[in-house]
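# Residue-level structural notes
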Amino acid sequence: MNRDTIKKREISGRIKVDRDKCIGCLGCMSACIVSHDGHSPRNRVVISSDKVSSPIFCQNCDLPECTYTCMCGAMHIDPATGFVLYDADQCGSCYMCVMGCPYGVLRMNKIDGKISKCDMCVSDRNGQPQCVDRCPMGAIAVERGVQA
Amino acid sequence: MRHLIIGASAAGLNAAKTLRHLDPNAEITILSKDEVIHSRCVLHHYLKGKRDLAGLNFVGQDFITEQKLNWKKGVQVTKVDTGKSEVALADGSVVGYDKLLLAAGSSTAFPAGIKNLREAKSGVLGFRNINDAQAIKELAGQANVQNIVVMGAGLVGVDAVDGLLGFGKNISLVESFSHILNRQLDMRAARPYEQAFAMAGVKQYYGTKITELVLDDAGAVKQAELGSGIRIPCDLFIVTSGIKPNVGFLEGSGIALGQTGLDFDGYGKTNIENVFGAGDISGRSPIWPAAVKEGIIAAYNMVGRPLEQTDFFASKATMNFQSVATMSLGLPESPDDSYTVEVDEDQAGNYKKIIHKNGEIVGAIVQGDLSYAGILTQLIREKIDVSKIKKPLFKVDYSDFFGEFVF
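Bear in mind that the values here come from a model prediction, so they are computed numbers and not experimental data.

This part is about the overall build of chain A. Broken down by element type, chain A carries 4 helices and 8 strands. Taking 15 Å as the expected radius of gyration for a compact globule of 148 residues, we find that chain A reaches 15 Å, a close match to that expectation. Considered along the principal axes of its C-alpha atoms, chain A spans approximately 40 × 40 × 35 Å. The burial tally for chain A puts 48% of its 148 residues in the buried class.

Dropping the structure here:
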C-alpha cells in the first residue's frame with residue numbers, strides 16, 4: 001500500500017517534530033502525563049546512536065497500522081477529527097497495535113494492561129496538545145488543517 | 001456501480017468501508033453466513049464471559065447504516081456465474097453485480113486421518129466463529145460434559161483453552177509439535193504459558209497426535225486416543241489444528257484457485273475480470289492485519305484506483321494469555337549457525353531474542369513488556385540494515401531511522 005496513491009482523509013492537525021531544536025528536557029513527556037491523569041506518557045524522547053535527542057510522537061498515520069492490526073475495533077479513525085483514537089473499553093489487550101506501530105510509539109500500560117495512545121489532547125481542557133504548549137524550544141508543533 | 005461482497009468479517013467489512021470512502025454513491029451489498037458482526041480473534045473473551053455479543057463487534061454497532069450498506073445476513077452463496085455477473089443463494093434467489101469481492105474466509109479443517117473424527121454425530125466442534133463459540137459455551141456448561149480435549153496448540157487452540165478455564169472442566173491440550181505455540185515461540189518463551197496452563201489444571205500432551213476418537217452407540221465422542229495408545233476421556237473434542245479456505249461455492253465458476261485457496265494478485269484481482277479476492281479465502285496469510293489490508297486494497301482496485309499490496313510480512317503475532325504478553329516476529333528459531341542470536345532476560349519475566357545476519361533481522365521474540373516493540377516489525381518488514389546502530393539491538397528505536405519512513 002502506497003501512501004501517495006490512497007485517498008487521504010481530512011485531519012484536524014498532526015504533530016510535527018523538529019529534532020534539531022530538541023534539547024531533550026522531557027517537558028513534553030511531563031506535559032503528557034499531567035494532561036492524562038498521571039498515566040504513562042504517550043510520547044517519548046530517546047537518544048539516537050549519534051547522541052541526538054529524538055522526540056517520538058504518534059503521527060496519526062495516513063496508513064495507520066494500529067487500526068489495521070486492531071482485532072476489536074479499539075483503534076479507529078475518528079470521523080470528526082481524522083485523528084486515530086483509542087477506545088480502552090473496546091480494547092482486548094492483545095497488543096497487536098504495539099506490534100504494528102512502525103514508529104514504536106505505542107506502549108502497554110502496566111497498571112491496567114491497556115495501551116498508551118496519543119489522543120491529540122482531545123480530552124484535555126485546553127483542547128490542544130499539551131506537549132506542544134509546554135515545549136520551550138518550539139521543537140513540537142501542530143500542523144493545522146492538514147489534508148494529509 | 002453495484003459492488004457485491006461475499007463475507008462480513010475483517011476483509012469484507014474493511015472493503016465495504018473503503019468502497020464507501022471512495023464512492024459515496026455506490027450500491028454496496030454484503031452477503032454473509034454470519035448473522036452478527038464479530039471478531040473471530042476474541043472469541044475466547046466471549047467464552048469467558050468477558051465480552052458479550054455486542055462487544056465482539058469490531059466496526060461499531062451502527063456500521064451498516066452509517067456506511068449505507070445493504071447487508072443480507074444468514075445467507076449462503078452456492079454458485080457464482082461470472083458470465084451473467086450474478087451469484088446464486090441457497091434459497092434460490094440471485095444477486096447481480098458489477099464488481100464482486102470474494103472474502104468468504106476459511107473454516108475449520110477436520111483432518112481425514114483421524115478415525116471417527118468426521119463420523120462423530122456429536123461432541124466435535126471447531127473454534128472459528130461465533131456459532132462454534134456459542135455451541136462450545138453451551139456444551140461446556142453442561143454437567144455431563146466433564147472432559148474437553150483441544151487438538152492443536154496454535155493461537156486458536158490456546159484461545160479455546162484460555163476461554164474454557166473458568167468452566168471447571170478437565171481440559172487436555174494435544175499438540176504434535178514439541179511445545180505450545182511452536183510457530184511463534186521457542187521453548188524458552190513457551191515455558192511460562194505451559195506452566196501457567198499446567199497450574200490452571202490443563203493437561204498438555206506435546207509431540208503426539210490424536211489417532212482416533214472413540215464413539216458411543218449414538219455417535220457421541222467418549223474418548224480420544226493418542227499416538228502412544230493412551231486413551232483420554234473426552235466429551236467435547238475441539239479441532240484447532242488447521243483451516244481450509246471457503247472456496248466450495250466457486251466450483252464451476254471458472255475462477256482460478258491456487259495451491260492454498262483462491263488465487264488473487266497484489267491488487268486483489270483474480271483471473272476473472274471484475275472479480276476480486278481478499279482475506280483468509282486465499283489460504284495464504286491467515287492473520288487479521290493481512291485480511292484488513294487485502295480488503296482495503298481490493299476496494300481501491302474495484303473502483304479502478306490501482307493500489308498494490310506491498311506488505312508480505314505475515315508471520316507475526318502477539319498474544320496475551322494468563323497475564324503474559326508476547327510478540328513474535330518472523331522466525332522463532334535460528335535457521336542455522338550463520339545467524340547471530342542475541343538474548344536478553346531479567347528476573348521480572350522479560351525475555352527478548354533477536355535473530356540476525358548481515359544487518360538483517362529475521363526473527364524476534366519479545367515477552368513481558370512489549371512497549372515500543374513495533375519498531376522491530378518495521379525493521380524486519382522493510383529489511384532495514386541495523387548494522388549501523390551503535391547501541392544494543394534490544395534498545396533500537398526510531399531515533400536511528402528518524403525521518404526515513406513515513407506512514
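What follows is about the overall build of chain B. When helices and strands are counted, chain B shows 8 helices and 23 strands. Its C-alpha atoms give chain B a radius of gyration of 23 Å, within 12% of the compact-globule value 22 Å for 407 residues. Along the first, second and third principal axes, the C-alpha atoms of chain B reach 70 × 60 × 35 Å. Out of the 407 residues in chain B, the part that is buried amounts to 47%. Taking contacts inside chain B between residues at least 6 apart in sequence as the whole, the part at least 24 apart equals 60%.

This brings us to the interface of chain B and chain A. Across the contact, 46 residues belong to chain B and 39 residues belong to chain A. Put simply, the parts of the chain that give the side of chain B that touches chain A at least two residues each are helix 1 (10-22), helix 7 (288-302), strand 19 (316-321), strand 20 (324-330) and helix 8 (374-381) of chain B. If one sorts the elements of the side of chain B that touches chain A by residue count, helix 7 of chain B sits on top with 5 residues. Of the residues that constitute the side of chain B that touches chain A, the class distribution is 23 nonpolar, 14 polar and 9 charged.

With that out of the way, let us pick up the sheet that holds strand 10 (residues 147-151) of chain B. Residues and elements named next belong to chain B. What the 5 strands build is an open sheet, ordered 9-16-10-11-12; its pairing is parallel. Looking at strand neighbours, the two that pair on one side only are strand 9 (124-126) and strand 12 (203-206), the edges of this open sheet. For this sheet the average axis-to-axis angle between neighbouring strands, irrespective of direction, equals 20°. Relative to strand 16 (residues 236-239), strand 9 is paired through 3 bridges, and the arrangement is parallel. Following the sheet pairing, Val124 is matched in strand 16 by Phe237. Across the sheet, helix 4 (residues 130-140) touches strand 9, strand 10 and strand 16, and the angle it forms with strand 9 is around 140°.

Before going further, it helps to spend a moment on unusual backbone geometry. All names here are of chain B. Positive phi outside glycine occurs at Leu181, with the angle close to 50°. Tracing the backbone shows Leu181 in the loop between strand 11 (170-175) and helix 6 (187-199). Within the chain, Asn274 stands out as a residue other than glycine whose phi angle is a positive 70°. On the neighbour-count criterion, Asn274 (15 C-beta atoms within 10 Å) is partly exposed.

Looking now at the nonpolar core. Residues and elements named next belong to chain B. Core analysis: the biggest nonpolar cluster contains 165 residues, and Ala15, Leu101, Phe237 and Ile238 have the highest contact counts within it. Broken down by element, this core gets its largest block of residues, 10 residues, from helix 7. Ignoring any residue separated from it by four or fewer positions in sequence, one finds Ile238 in contact with Leu125, Phe127, Ile136, Ile148, Val150, Met151 and Ala160.

Let's shift gears to helix 1 (residues 27-35) of chain A. Residue and element names in this part refer to chain A. All of the buried residues in helix 1 are Cys28, Ala31, Cys32 and Ser35. Mapping the buried residues of helix 1 onto a view down its axis gives an arc of 100°, with all of them on the same face. On its buried face, helix 1 is in contact with strand 2 (44-47), strand 3 (53-56), helix 4 (130-134) and strand 8 (140-144). One or two positions beyond helix 1, positive phi appears at Asp37, with a value near 55°.

What follows deals with the sheet that holds strand 5 (residues 86-89) of chain B. Residue and element names in this part refer to chain B. Read across the open sheet, the 3 strands follow the order 4-5-6; overall the sheet is antiparallel. Taken across any chain shown, the strands that pair with only one partner, and hence form the sheet edges, are strand 4 (77-81) and strand 6 (94-96). Between one strand axis and the next, the sheet turns by 20° as a mean value, whatever way the strands run. Bridge count for strand 4 against strand 5 is 4 bridges, and the pairing is antiparallel. Pairing of Asp81 across the sheet is with Glu86, part of strand 5.

Here the focus is the pairing of strand 3 of chain A. For a regular strand, the rule is simple: side chains alternate between the two faces of the sheet. Residues and elements named next belong to chain A. Of the pairings in the sheet, the one linking strand 2 to strand 3 comprises 4 bridges and is antiparallel in character. Of the residues in strand 3, the one forming a bridge with Ile47 is Ser53. Taking the residues between adjacent antiparallel strands as the criterion, strand 2 and strand 3 are bridged by 5 residues, where Lys51 takes a positive phi near 65°.

Glancing now at the domain arrangement of chain B. Residues and elements named next belong to chain B. Segmentation of chain B into domains returns domain 1 (2-107 + 244-302), domain 2 (124-241) and domain 3 (323-401). The C-alpha-based centres of domain 1 and domain 2 are spaced at 30 Å. Each partner contributes residues to the interface: domain 1 has 11 residues there, and domain 2 has 14 residues. The leading source of residues in the side of domain 1 that touches domain 2 is helix 2 (residues 43-48), at 5 residues. Taken together, the residues of the side of domain 1 that touches domain 2 break down into 5 nonpolar, 3 polar and 3 charged.

Below, the discussion takes up the environment of Ala278(B). Residue and element names in this part refer to chain B. You can see Ala278 is positioned in the loop between strand 18 (275-277) and helix 7. We classify Ala278 as buried; it has 32 C-beta atoms within 10 Å. Taking the C-alpha atoms as reference points, Ala278 and Gly219, 59 residues apart in sequence, are found 38 Å from one another. Ignoring sequence-local partners within four residues, the contact set of Ala278 consists of Ala11, Ala15, Leu101, Ala103, Gly268, Ala291, Glu294, Gly295 and Ala298.

Each value, and the rule that gives it
- Within each chain, residues carry numbers counting from 1 in the order of the written sequence.
- Chains and ligands are labelled by the order in which they are written, letters from A for the one and numbers from 1 for the other.
- Local features are withheld for residues below a pLDDT of 70 in this predicted model, meaning they are given only at 70 or higher, and side-chain atom pairs are given and counted only at 80 or more; totals for whole chains, interfaces and linings count all residues.
- The secondary structure listing takes helices from DSSP runs of H or I that are at least 4 residues long and strands from runs of E that are at least 2 residues long, numbered from the N terminus.
- Every radius of gyration here is taken over C-alpha atoms, with the globule rule written as 2.2 Å times N^0.38, N being the number of residues.
- For every residue, the other C-beta atoms within 10 Å of its own C-beta are counted; 20 or more classify it as buried, 12 or fewer as exposed, and values in between as partly exposed. C-beta atoms are placed from the backbone.
- Two residues qualify as being in contact provided that their C-beta atoms, derived from the backbone, are within 7 Å of each other.
- In this count, Pro and Cys sit with the nonpolar residues alongside Ala, Val, Leu, Ile, Met, Phe, Trp and Tyr, while Asp, Glu, Lys and Arg are called charged and the others, Gly among them, polar.
- Pairing between two strands requires that DSSP report at least two bridges joining them.
- Comment: axis = line fitted to C-alpha atoms, over the contacting stretch for helices; angle = value between 0 and 180 degrees taken between N-to-C directions.
- In plain words, the nonpolar core is the set of buried Ala, Val, Leu, Ile, Met, Phe, Trp, Tyr and Cys residues that C-beta atoms within 7 Å link up.
- Arc, as used here, means the arc of the directions from the helix axis to the C-beta atoms.
- Note: domain ranges come from an automatic or database domain assignment.

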